[in-house]
Structures are given as structure tokens and as C-alpha cells.
Amino acid sequence: MNRFVSVLLTGLICLVALGQFVQVITRYVLEVPVMGLEESLLYPTMWLYLLGAVNASRENTHIRANVLEIFLSTRRAHTLLAIIGEVISLVVGCWLTYWAWRFTKYSLRVWKESPTLYIPTFYVDVALITGLVLMMLYTAYHLLGHIRELFADEEPTNG
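Described in the following lines is the structure provided in the data block. (Residues numbered from 1 in each chain as written. Predicted model: local features only at pLDDT ≥ 70, side-chain atom pairs only at ≥ 80, totals over all residues. Heavy atoms only, no water.)

Our focus in this paragraph is the overall build of the chain. Along its length, the chain carries five helices and zero strands. Put simply, the chain runs from its N terminus to its C terminus through helices and strands in the order α-α-α-α-α. Computed over the C-alpha atoms, the radius of gyration of the chain is 21 Å, more than 25% above the 15 Å expected from 2.2 N^0.38 for a compact globule of 159 residues. Relative to its 159 residues, the chain shows a buried fraction of 31%. For the chain, the share of sequence-separated contacts (at least 6 apart) that also reach a separation of at least 24 residues comes to 72%. Summed over all atoms, the accessible surface of the chain reaches about 10900 Å², with 70% contributed by carbon and sulfur. Each charge sign in the chain was given a centre, from 11 positive and 12 negative side chains, and these centres are 5 Å apart. (Helix = DSSP H or I, 4+ residues; strand = E, 2+ residues; numbered from the N terminus. Rg over C-alpha atoms; globule rule 2.2 N^0.38 Å. Buried < 20%, exposed > 50% of the residue type's maximum accessible area, 1.4 Å probe, protein only. Contact = heavy atoms within 4.5 Å. Areas by Shrake-Rupley, 256 points an atom, 1.4 Å probe, with all protein chains shown as cover. Lys, Arg positive; Asp, Glu negative; His and termini not counted. Charge placed at Lys NZ, Arg CZ, Asp CG, Glu CD.)

Here it is, written out as C-alpha cells:
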């Protein structure tokens, strides 16, 4: 799974970078812009962005500003803080997932197309619900891990 995710994200970032490179060369060097290139780059860019966020959720490597950790001295307090953070993330994320689901249903019903190439925008819109659902699954997984860690710390030791 790690290999697949790594290859997919690498492929998407290369595709976006190559598209931007072609756009810059054709527009500013050759002064012949490629019609619809920036429009078609929206698809891999959105998937890259959201799958990158999913990957950060999977690895639990999102950027955090855990200032409170400085003032906490015990491992139990750190675990409780992590649980609180995961619960808040899960609540906010589920709320956003609900709205993303409503947006996806709207997008499917309306079936908009891009202005130049007439590519259905549903394929970029569905990245949002896919990314949020996967992020919420990983957040719930990490929350369960922190809860297990909290209860493992409470077990009495024989000695």
C-alpha cells in the first residue's frame, strides 16, 4: 500500500509539474498558449492535494501547533491531549464530510462541464468526498490507537 501511494503521488506531482512547465514555456517563451491546459491540470492538482492530505492522515504527519505539549510533563497527559485533538478533528471532519457529500450529490445531479474541454467537473469534485472520507477513517484509526495507549498505561504492573 505504501508503495502504491508513493507511486501515485509521485506520478501526480510529476504530471502537474510537467503541465506547468509546458504552460510556462508555451505561453511566455513561445508566446503560443495551449488552450485548456490549465483547465486539464485542475484534475490531477485536486487529486494530488487531497490524496496528499490523506497520506498525511495515514502517516499521522499533519502539521500541528501543539503548544500545550510544552506544559505537559506526563505521557498520560500527552495521550489525553492527542485524544482531544483527534476527537475535535473527527467532529469537524465529519461535519465537512457531510457537506462534501451534499456537494457531490449536487455535482452529480448538475453534471457541469469545464468551459474549454467540456470535461465533466464531477471527476474533480468527487476528489473532495473521497479525500475527506479517507481522512476521517485514518483519524478514527489514530483516535482508537490513542485510546488503546491510554488504557494500556493504566494497567497495573506487577512487581
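In this section: the layout of surface pockets. Each pocket or cavity is described by its volume, and for the largest pocket that value is around 520 Å³. His 62, Arg 64, Gly 85, Glu 86 and Ser 89 are, among the 24 residues lining the largest pocket, the residues nearest its centre. Counting residues per element, the ones that place at least two in the lining of the largest pocket are helix 3 (68-71), helix 4 (75-110) and helix 5 (122-154). For the lining of the largest pocket, the element with the most residues is helix 4, which contributes nine residues. (1 Å grid on protein atoms, 1.4 Å probe; cavity = no way out; pocket = protein on both sides within 12 Å on 5 of 7 lines; lining within 4 Å. Points joined across faces, edges and corners; volume = space filled by probe spheres on them.)

Now for the nonpolar core. Leu 50, Ala 53, Val 54, Ala 100, Ala 127, Ile 129, Leu 132, Met 135 and Met 136 together form the largest nonpolar core, which totals nine residues. For this core, the secondary-structure elements that each account for two or more residues are helix 2 (37-59) and helix 5. Counting residues per element, this core draws most heavily on helix 5, at five residues. Those residues within four positions of Ala 127 in sequence are excluded, and the remaining contacts are Trp 47 and Leu 50. Val 5, Leu 9, Leu 12 and Val 16 belong to the second-largest nonpolar core, a separate cluster that totals six residues. (Core = buried A, V, L, I, M, F, W, Y, C linked by side-chain atoms within 4.5 Å.)

For side chains bearing opposite charge, pairing can occur when the charged atoms are close. All told, the structure shown has four salt bridges when counted by the stated rule. Ionic pairing is found between Arg 58 and Glu 59, a salt bridge with its closest N-O pair at 3.6 Å. Salt-bridge contacts for Glu 149 lead to Arg 75; the nearest nitrogen and oxygen are separated by 3.4 Å. In this pair, Glu 149 sits in helix 5 while Arg 75 sits in helix 4, placing the two residues 74 residues apart along the sequence. Residue Glu 149 is classed as partly exposed on the basis of its relative accessible area, which comes to 25%. Overall, Arg 75 belongs to the exposed group, its relative accessible area being 55%. (Salt bridge = Lys/Arg side-chain N within 4 Å of Asp/Glu carboxyl O.)

A word on the environment of Pro 33. Counting through the fold element by element, Pro 33 comes out in the loop between helix 1 (2-29) and helix 2. Once the C-alpha coordinates of Pro 33 and Leu 150 are considered, the two residues, 117 residues apart in sequence, prove to be 58 Å apart. Ignoring sequence-local partners within four residues, the contact set of Pro 33 consists of Thr 26 and Arg 27.

Right, let's get into the packing of aromatic side chains. Evaluation of the coordinates by the stated rule reveals five aromatic pairs. Summarising the aromatic geometry, the rings of Phe 122 and Tyr 123 are spaced 6.1 Å apart at their centres and angled 70 degrees between planes, so their arrangement reads as edge-to-face. A relative accessible area of 14% places Phe 122 in the buried class. Site record: aromatic cluster; members linked through ring pairs are Trp 111, Phe 122 and Tyr 123. (Phe/Tyr/Trp six-rings, centres within 6.5 Å; stacked < 30°, edge-to-face > 60°.)

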